[in-house]
Amino acid sequence: EGMGFHFPEHSNHADVITDIITGNGREYNAKGDVSKEALISNWSASRKAKTAEDFERRSVRSTMLGDTGMRQALKKRGAPFVKQAWLCLCRAMVQQYRTKGAFFAEMGLAVLAGALLGLANNPKNGIMFVGIFHEPYEVLSTAIDFISAPQFALLIAIAVGLVAAAPGVKLFSEETLLYRREAEAGHSRFAYFIAKVISVLPRMALGCLHFTTPLFLLSVPIIDWGLAFLTNLLYFYCIYGLASIVSMVVRREDAPLFATMIALITGILSGSAPPLSSVKDWRMEWLWRASPATWLAEIYFGQLVAPFAYLYKVDIAARETGFELDRKWMNIGVLVAIGTAYRVLAFVGMVLGHRLRR
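It should be emphasised that the depicted structure is a prediction, and the values quoted were computed from it without experimental measurement.

1. Digging into the overall build of the chain
For step 1, the next point in the chain: Along its length, the chain carries 16 helices and 0 strands.
For step 2, the next point in the chain: Against the compact-globule benchmark of 21 Å for 358 residues, the chain has a radius of gyration of 30 Å, which places it well outside the compact range.
For step 3, the next point in the chain: Based on the C-alpha atoms only, the size of the chain along its principal axes is roughly 110 × 45 × 35 Å.
For step 4, the next point in the chain: Expressed as a percentage of its 358 residues, the buried residues of the chain come to 40%.
For step 5, the next point in the chain: Counted over contacts in the chain with a minimum sequence separation of 6, partners at least 24 positions apart contribute 76%.
For step 6, the next point in the chain: Accessible surface, the chain as shown: approximately 20000 Å² in total, 64% of it carbon and sulfur.
For step 7, the next point in the chain: Charged side chains in the chain number 37 positive and 29 negative. The centres of these two groups are separated by 8 Å.

2. Considerations on the packing of helix α5 (residues 100–121) against helix α9 (residues 201–219)
For step 1, the next point in the chain: The interhelical angle for the contact between α5 and α9, taken along N-to-C directions, is 25 degrees, at an axis separation of 7 Å. In terms of axis orientation, α5 runs roughly parallel to α9. Once α5 is placed against α9, the crossing between them reads as right-handed.
For step 2, the next point in the chain: Across the contact of α5 with α9, the residue classes break down as 14 nonpolar, 6 polar and 2 charged.

3. A short note on the pattern of salt bridges
For step 1, the next point in the chain: Evaluated as defined, the whole model comprises 9 salt bridges.
For step 2, the next point in the chain: The partner of Arg 289 in a salt bridge is Glu 285, with the nearest N and O atoms 3.2 Å apart. Placement of both Arg 289 and Glu 285 in helix α13 (residues 285–289) is noted, with a separation of 4 residues, approximately one turn of the helix.
For step 3, the next point in the chain: Residues joined by salt bridges that share partners form a network here, namely Glu 285, Arg 289, Glu 298 and Arg 327.

4. Overview of unusual backbone geometry
Excluding glycine, residues mostly have negative phi values, and the peptide bonds linking residues are mostly trans.
For step 1, the next point in the chain: At the junction of Glu 135 and Pro 136, the peptide bond is cis and its omega measures out at 5 degrees in the coordinates.
For step 2, the next point in the chain: Looking at the element boundaries, Pro 136 is found in the loop between α5 and α6 (148–173).
For step 3, the next point in the chain: Cis geometry is adopted by the peptide bond preceding Pro 274, which originates at Ala 273 and carries an omega value of 0 degrees.
For step 4, the next point in the chain: With respect to the helices, strands and loops of the structure, Pro 274 is situated in the loop between α11 (255–268) and α12 (276–281).

How each quantity is defined
Residues numbered from 1 in each chain as written. Predicted model: local features only at pLDDT ≥ 70, side-chain atom pairs only at ≥ 80, totals over all residues. Heavy atoms only, no water. Helix = DSSP H or I, 4+ residues; strand = E, 2+ residues; numbered from the N terminus. Rg over C-alpha atoms; globule rule 2.2 N^0.38 Å. Buried < 20%, exposed > 50% of the residue type's maximum accessible area, 1.4 Å probe, protein only. Contact = heavy atoms within 4.5 Å. Areas by Shrake-Rupley, 256 points an atom, 1.4 Å probe, with all protein chains shown as cover. Lys, Arg positive; Asp, Glu negative; His and termini not counted. Charge placed at Lys NZ, Arg CZ, Asp CG, Glu CD. Axes fitted to C-alpha atoms, helices over the stretch in contact; angles between N-to-C directions. Parallel < 35°, antiparallel > 145°, perpendicular 65-115°, else oblique. Left-handed = near helix turned anticlockwise from the far one by under 90°. Nonpolar A, V, L, I, M, F, W, Y, C, P; charged D, E, K, R; others polar. Salt bridge = Lys/Arg side-chain N within 4 Å of Asp/Glu carboxyl O.

In structure tokens:
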């Protein structure tokens, strides 16, 4: 404007400036010189005029604060960690509120997955284990079924992976550029990360509720509903954490597909097929145990089989499948640990990725 250019009302200033600096600014300056050379000369002259003034200002600041004082002032800039985390949490909740369509679609998918899985297991009337009778009735044991309980857990793991993988990726991948800008400006990366993790916990709980309720209403398995809900919720927790890792290392466009495929593979490694007992013979149990689906399957197997100990030889079933019957709380603790470890890896990936980009 000091050179005679004017900016039309309601115009995009970026477009106007682009026209001017490319020498096409005649419509914004009817009389003056609009050539690129004139712009360069004006910039050079103004830069020389400001050099002395800037030097004087820097001298005054360095005299008053000194380099150490300036660095200390910059370190103290910004809100405390707790306030940053709170503001990030509020923003994340607002973001979820503004995308209600995606939320309702996720809940609908959870209901559909739970209902279809429940219908598939409805003919069994909740009885997913038939073993060998205690003595002297072994000869009557003709319809042995050791595999239904592990398969039930396998289907749950696959269904939860399909429901939770894509939403878990969007938790971070949708605003990578925003995170980079804020991190460069000095915002706490850990405050941002922990706020995003906390903000999605109610969403996971609602998704788990919409999945578990129709599943149990239709399949009526003989397992405590509260324990099953907790187990499913922890598996949601693990899948969201796994998807967060994917979002840190895969492009935004490809992340949902990759996360869904990895969640599917994780679900297959549940010890159902091939059975965990065969995996132990291959000396590959460590790989299956690295998957949270194996720990989920062991909880379901123990709760679906152990109640029949008065009637069947459940120890034989445990030996044939490779699962333990009485490690409920250990399995729950391992699920919590795996989900938390996934988030630690995701945070490390976020920080290292930021530093490598710098």
